[in-house]
Amino acid sequence: MLQAGLIHPASPGCYHYLPPTVRAMEKLVKAVDEEMQAVAGQKLNMPSLSSAELWRASGRWDGMGPELFRLADRHGKDYCLGPTHEEAVTELVAAQSNLSYKQLPLRLYQVTRKFRDEPKPRFGLLRSREFYMKDMYTFDASEEAALQTYELVCDAYRSLFNRLGLPFVKVRAATGSIGGTVSHEFQLPADIGEDRLVLCPAGHFAANVETLNGEQTSCPTCGEKLTQTRGIEVGHTFYLGTKYSSVSNAVFYSPENKPQLAEMGCYGLGITRILAASIEVLSTEDSIRWPSLIAPYQLCFIPPKRGSKEEEEEGATLLERVYDDLAEALPHLASDSVLDDRTQLTIGKRLKDANKLGYPYVVIAGKRVSEDPPVFEVWNQNAGEVLFLTKEGVIELLSKVQVP
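- As annotated in an unreviewed UniProt entry, the chain is Probable proline--tRNA ligase, mitochondrial from Otus sunia.
- Word for word, the UniProt comment on the chain under Catalytic activity (unreviewed entry) is "tRNA(Pro) + L-proline + ATP = L-prolyl-tRNA(Pro) + AMP + diphosphate".
- Under Subcellular location (unreviewed entry), UniProt gives the following word-for-word description of the chain: "Mitochondrion matrix".

**Here we look at the overall build of the chain**
Alright, step 1. Regarding its fold elements, the chain presents twelve helices and 21 strands.
Alright, step 2. Along the first, second and third principal axes, the C-alpha set of the chain runs to 80 × 55 × 45 Å.
Alright, step 3. Looking at the chain residue by residue over its 404 residues, the buried ones come to 49%.
Alright, step 4. Taking all contacts inside the chain whose residues are at least 6 apart in sequence as the whole, residues at least 24 apart take part in 67%.
Alright, step 5. Counting every atom, the chain has about 19,000 Å² of accessible surface; 50% of that belongs to carbon and sulfur.
Alright, step 6. Once the 43 positive and 53 negative side-chain charges of the chain are each reduced to a mean point, those two points are 4 Å apart.

**Some words on the nonpolar core**
Alright, step 1. In this structure, Phe 161 and Leu 164 are the most contacted members of the largest nonpolar core, which totals 48 residues.
Alright, step 2. At the level of secondary structure, the elements contributing two or more residues to this core comprise helix 1 (19-38), strand 7 (106-115), strand 8 (130-140), helix 5 (143-164), strand 10 (182-189), strand 13 (227-241), strand 16 (263-270) and helix 7 (271-282).
Alright, step 3. For this core, the element with the highest residue contribution is helix 5, accounting for nine residues.
Alright, step 4. With near-sequence residues (within four places) excluded, Leu 164 lies in contact with Leu 28, Ile 274, Pro 291, Leu 293 and Ile 294.
Alright, step 5. If you look at the next biggest cluster of nonpolar residues, it comprises 20 residues, including Leu 326, Val 363, Val 378 and Ile 395.

**Looking at the domain arrangement of the chain**
Alright, step 1. If you check the domain split of the chain, you get domain 1 (7-282) and domain 2 (297-398).
Alright, step 2. Using C-alpha coordinates to define each centre, domain 1 is positioned 42 Å away from domain 2.

**Let's talk about the UniProt feature "domain: Aminoacyl-transfer RNA synthetases class-II family profile" (unreviewed entry) in the chain**
Alright, step 1. Using the residue numbers shown here, the UniProt feature "domain: Aminoacyl-transfer RNA synthetases class-II family profile" (unreviewed entry) corresponds to residues 26-291.
Alright, step 2. Helix makes up 27% of residues 26-291 and strand 31%, with an end-to-end C-alpha separation of 14 Å.

**Overview of helix 7**
Alright, step 1. With twelve residues, helix 7 extends 17 Å from end C-alpha to end C-alpha; this agrees with the ideal 16 Å at 1.5 Å per step.
Alright, step 2. Among the twelve residues in helix 7, nine count as buried, and that is most of the element.
Alright, step 3. Of the positions making up helix 7, those classed as buried are Ile 271, Thr 272, Arg 273, Ile 274, Leu 275, Ala 276, Ala 277, Ser 278 and Ile 279.

**Considering the sheet that holds strand 4 (residues 49-51)**
Alright, step 1. Across the sheet, three strands lie side by side as 4-6-5; this open sheet has antiparallel pairing. The open sheet has two edge strands, strand 4 and strand 5 (69-72), and neither has a second partner. Looking at each pair of strands side by side, their axes are set apart by 40 degrees on average, direction ignored.
Alright, step 2. Relative to strand 6 (residues 78-81), strand 5 is paired through four bridges, and the arrangement is antiparallel. Residue pairing across strands places Leu 71 opposite Tyr 79, the latter belonging to strand 6.

**What about the pattern of salt bridges?**
Alright, step 1. Scanning all chains against the criterion turns up 21 salt bridges.
Alright, step 2. With its nearest N and O atoms 2.7 Å apart, the salt bridge here joins Arg 127 to Glu 194. Of the two residues, Arg 127 is situated in the loop between strand 7 and strand 8 and Glu 194 in the loop between strand 10 and strand 11 (195-199); the sequence distance between them amounts to 67 residues.
Alright, step 3. According to the relative accessible area criterion, Arg 127 is buried, its value standing at 19%.

**Let's talk about the packing of helix 1 against helix 5**
Alright, step 1. Axis separation between helix 1 and helix 5 bottoms out at 9 Å; the angle between their running directions is 145 degrees. In the packing of helix 1 onto helix 5, the handedness of the crossing is right-handed. For the pair formed by helix 1 and helix 5, the contact residues are Leu 28, Ala 31, Val 32, Glu 34, Glu 35 and Met 36 on the first element and Ala 156, Tyr 157, Ser 159, Leu 160, Arg 163 and Leu 164 on the second.
Alright, step 2. Its residues assigned to classes, the contact of helix 1 with helix 5 shows eight nonpolar, one polar and three charged.

**What about the sheet that holds strand 21 (residues 385-389)?**
Two orientations exist for strands paired in a sheet by backbone hydrogen bonds: parallel and antiparallel.
Alright, step 1. Here we have five strands laid out as an open sheet, ordered 18-17-19-20-21, and mixed in their pairing. The sheet terminates laterally at strand 18 (337-339) and strand 21, the two strands that pair on one side only. Neighbour-to-neighbour, the strand axes of this sheet turn through a mean angle of 20 degrees, independent of strand direction.
Alright, step 2. Note: strand 17 (residues 299-302) against strand 19 (residues 361-364), four bridges, orientation parallel. Opposite Ile 302, over in strand 19, you have Ile 364 as the bridge partner.
Alright, step 3. Contacts from helix 12 (residues 391-398) reach strand 17, strand 19, strand 20 (376-380) and strand 21 within the one sheet, and its direction differs from that of strand 21 by about 135 degrees.

Reading guide: rules and limits
- Residues numbered from 1 in each chain as written.
- Predicted model: local features only at pLDDT ≥ 70, side-chain atom pairs only at ≥ 80, totals over all residues.
- Heavy atoms only, no water.
- UniProt positions renumbered as here; feature names shortened; annotations may be inferred.
- Helix = DSSP H or I, 4+ residues; strand = E, 2+ residues; numbered from the N terminus.
- Buried < 20%, exposed > 50% of the residue type's maximum accessible area, 1.4 Å probe, protein only.
- Contact = heavy atoms within 4.5 Å.
- Areas by Shrake-Rupley, 256 points an atom, 1.4 Å probe, with all protein chains shown as cover.
- Lys, Arg positive; Asp, Glu negative; His and termini not counted.
- Charge placed at Lys NZ, Arg CZ, Asp CG, Glu CD.
- Core = buried A, V, L, I, M, F, W, Y, C linked by side-chain atoms within 4.5 Å.
- Domains from an automatic or database assignment.
- Expected span 1.5 Å × (residues − 1).
- Pairing = 2+ DSSP bridges.
- Axes fitted to C-alpha atoms, helices over the stretch in contact; angles between N-to-C directions.
- Salt bridge = Lys/Arg side-chain N within 4 Å of Asp/Glu carboxyl O.
- Left-handed = near helix turned anticlockwise from the far one by under 90°.
- Nonpolar A, V, L, I, M, F, W, Y, C, P; charged D, E, K, R; others polar.

Listed below in structure tokens is the structure:
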């Protein structure tokens, strides 16, 4: 990502996200919004600054240790920069004084910057001190309803990773500093992953090694030998029960008009981590591969080199005509296309750059542009194939492209 000019280091564990990365991130957030709203999620935005009083009440001011970025304001009041927002959201819901069981479930989520004072930031956006996360907090009337919500949100995560074309596994996980009684991680298997996972080859069982007692080597369901792999955690789900609602007194009124503590869950997706992890698992040695749904741009047009035979034969004009017809037939792709007009460079050099940036499709006015009808060279990067197509063929191929 550094080499391709997608991010630029600012200080240890903090990065500038450059324009292509911001485009990819906005597309990813749009896809996440679709999945969250499909399970009745409502989007809000909570402050990054969180009062120490809230964190002391939950016991996490001391429990989180040095990972919490702490600061004091001019009046000497203590705050932290939120790594997560359980305390804040529970306080918000507790402030709604006459919440009825009829208004539940509540499923509130945000996509914001989070902060964690990592001792050793590494792997670029995979372990940084400032990052984007989607965090959802749910409030239900009973444990049974909260566990149904849990399954629903896990299904939404599955749906998201399937749409992105990412090979993921859902594994049993430890609850850590968040707490609760049920927890799972969504992991992308990868050699550089920091988590050690054990998987049943038949798919009956998957866990993070840290949850196992001793050395469990066989599947508890079918007895098959478990295989080990490494993974990058990109999502984490927790059933919290009343751990936080009991501290803030987040109650709703039952059908008998009795105050009852809400049953909670929380669900995180690492937005910037998904970007970096997907590049890690999909790319080749010399070219970036994005999940095509969130590639910064879908399409790169490469006109002929200045002064070349192809240029003399109207290659650039013919290529522009393809763009115009494409914009008319598929208007959603018009703003997702880039023209590499550095015609002082060879087609080969510009194709190499296009590979580096990870455009899913590259359309070139090459040697066959002078045929009748003109034929364009189309690189379908994610499928690893080169096609020779007429203008109509190019438009038909690209009509299948999805943009969130």
